[in-house]
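Structural features, examined
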Amino acid sequence: MDNSTYVALSLAQAMRRDMDVTTNNIANANTAGFKGEHIVFENYVHQNTGVAEDETVSFVVDKGSYTDTRQGPVAQTGNPLDVALLGQGWLSYETPEGQIAYGRDGRFSVDAQGNLVTLSGARVLDAGGGGIAIPQGAGEIAITRDGTISSPNVGVIAQLGVFNLPDLQGMERLGNGMIAPPAGAPATPRIAALNTEVVQGSIEGSNVSPVTEMTRMIEIQRAYERAINLMSGEDDLRRDTLRRLSQTT
């Protein structure tokens, strides 16, 4: 393959990856606390060492992705076990598989054992990293701006763990709006998010704009089609060249 085919192939691969990320964003446009993901592309400039030594070729390189940390819209639900975060902090969970994860989905409930859990069954963790249990007969639950959970019947129960994630951009996505450190990575330090407020009876929505993501998807599809057409055109040109050469011999 010549350089133009390699360039088109690098573009097609990059657009396929971008399409996967954009599709996931759209699928989670209504997921509480979801943070959008975006791809970072760079040019890789290759210096030709052939006949035209001063010629350079620029390839598309997928450098990875980053999490969009913008605040999502906050809507009131009136449910005392619903919480929204205002700020850059993240709630902490323990998944059913025992993995420590983080997210901003504050739609909580109490399971049969009295544990405070998410809709996906992950346990909600407190400021010290332990699980939160709501005693039977606790009565009406109150959650203050610093995440302290209490009730008139039993007093203070626990404090929600809300943490800053300095290694946020290196986290892996688990699904259900959760993220976690990659396998083998050191444990994330627990840094209390002092500038983040907890709002009871509310939910933070996804920060994904469906219209923006749909527009991006159309642009990606067009770029992918251009790359495929370029590769097909190069193939047709080579076949035509070989046919003409065979006719002259």
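Our structure's up above, just so we're on the same page.
Residues numbered from 1 in each chain as written. Predicted model: local features only at pLDDT ≥ 70, side-chain atom pairs only at ≥ 80, totals over all residues. Heavy atoms only, no water.

What follows concerns the overall build of the protein. Assigned secondary structure in the protein consists of two helices and 18 strands. The burial tally for the protein puts 39% of its 249 residues in the buried class. Within the protein, residue pairs in contact and separated by at least 24 positions form 62% of the contacts whose partners lie at least 6 positions apart. Taken as a whole, the protein presents about 13700 Å² of accessible surface, with 52% of it coming from carbon and sulfur. (Helix = DSSP H or I, 4+ residues; strand = E, 2+ residues; numbered from the N terminus. Buried < 20%, exposed > 50% of the residue type's maximum accessible area, 1.4 Å probe, protein only. Contact = heavy atoms within 4.5 Å. Areas by Shrake-Rupley, 256 points an atom, 1.4 Å probe, with all protein chains shown as cover.)

Tracing the backbone through its elements, the reader meets Ser-150 in strand 11 (residues 148–151). As a C-alpha pair, Ser-150 and Ile-134 span 16 residues in sequence and 9.3 Å in three-dimensional space.

With that out of the way, let us pick up the pattern of salt bridges. Taken as a whole, this structure holds seven salt bridges when the rule is applied. Across the pair Arg-104 and Glu-204 runs a salt bridge, and its minimum N-O distance is 2.8 Å. Placement of the pair is Arg-104 in the loop between strand 6 (100–103) and strand 7 (108–110) and Glu-204 in strand 18 (residues 202–204), with a sequence separation of 100 residues. Arg-104 sits in the buried class, given a relative accessible area of 2%. (Salt bridge = Lys/Arg side-chain N within 4 Å of Asp/Glu carboxyl O.)

Overall, antiparallel pairing links the three strands, which are arranged 10-11-12 in an open sheet. Pairing within the sheet leaves two strands with one partner each, and these edge strands are strand 10 (142–143) and strand 12 (155–159). Pairing geometry for strand 10 and strand 11, over two bridges, is antiparallel. Of the residues in strand 11, the one forming a bridge with Ile-143 is Ile-149. (Pairing = 2+ DSSP bridges.)

A few words now on the environment of Thr-95. Following the sequence through the fold, Thr-95 ends up in the loop between strand 5 (90–94) and strand 6. The spacing of Thr-95 and Arg-123 is 28 residues in sequence and 6.4 Å in space, taken between C-alpha atoms. Those residues within four positions of Thr-95 in sequence are excluded, and the remaining contacts are Ala-101, Ala-122 and Met-178.

All right, on to the side chain of Thr-22 then. Positionally, Thr-22 belongs in helix 1 (residues 3–27). Apart from residues no more than four positions distant in its own chain, Thr-22 is found in contact with Glu-213, Arg-216, Met-217 and Ile-220.

This paragraph deals with the layout of surface pockets. Taken as a whole, the largest pocket holds about 170 Å³ of empty space. Together, 14 residues line the largest pocket, and Asp-146, Gln-159, Val-162, Ala-192 and Ala-193 are the ones closest to its centre. Looking at the lining of the largest pocket, its residues break down into eight nonpolar, four polar and two charged. (1 Å grid on protein atoms, 1.4 Å probe; cavity = no way out; pocket = protein on both sides within 12 Å on 5 of 7 lines; lining within 4 Å. Points joined across faces, edges and corners; volume = space filled by probe spheres on them. Nonpolar A, V, L, I, M, F, W, Y, C, P; charged D, E, K, R; others polar.)

The next subject is unusual backbone geometry. Of note in this structure, Asn-176 is not a glycine but carries a positive phi near 55°. Along the chain, Asn-176 turns up in the loop between strand 14 (172–175) and strand 15 (178–180).

Counting 23 residues, the largest nonpolar core has Phe-108, Leu-116, Ile-132, Ile-149 and Leu-160 as its most contacted members. Only strand 4 (83–86), strand 5 and strand 15 provide two or more residues apiece to this core. Those residues within four positions of Ile-149 in sequence are excluded, and the remaining contacts are Leu-116, Ile-132, Ile-134, Ile-141, Ala-142, Ile-143, Gly-155, Val-156, Ile-157, Ala-158 and Leu-160. Listed in part, the seven residues of the second largest apolar core include Phe-163, Leu-165, Leu-168 and Ile-179. (Core = buried A, V, L, I, M, F, W, Y, C linked by side-chain atoms within 4.5 Å.)

Turning our attention to the side chain of Ser-151. Assignment of secondary structure puts Ser-151 in strand 11. A residue is classified by how much of its surface remains accessible, and Ser-151, at 6% relative accessible area, is buried. A polar atom in the side chain of Ser-151 sits 2.7 Å from the backbone oxygen of Ala-138. The contacts of Ser-151, once residues within four sequence positions are left out, are Ala-138, Glu-140, Ile-141 and Ile-157. (Polar contact = N/O pair within 3.5 Å; in protein donor to acceptor, adjacent residues only side chain to side chain.)

All right, on to the pairing of strand 11 then. What you see with strand 11 is no split at all: Thr-148 and Ser-150 on one side and Ile-149 and Ser-151 on the other are buried throughout. If you look at the hairpin formed by strand 10 and strand 11, you'll find four residues sitting between the two strands, and Gly-147 has a positive phi there, around 90°. The hairpin formed by strand 11 and strand 12 contains three residues between the paired strands.

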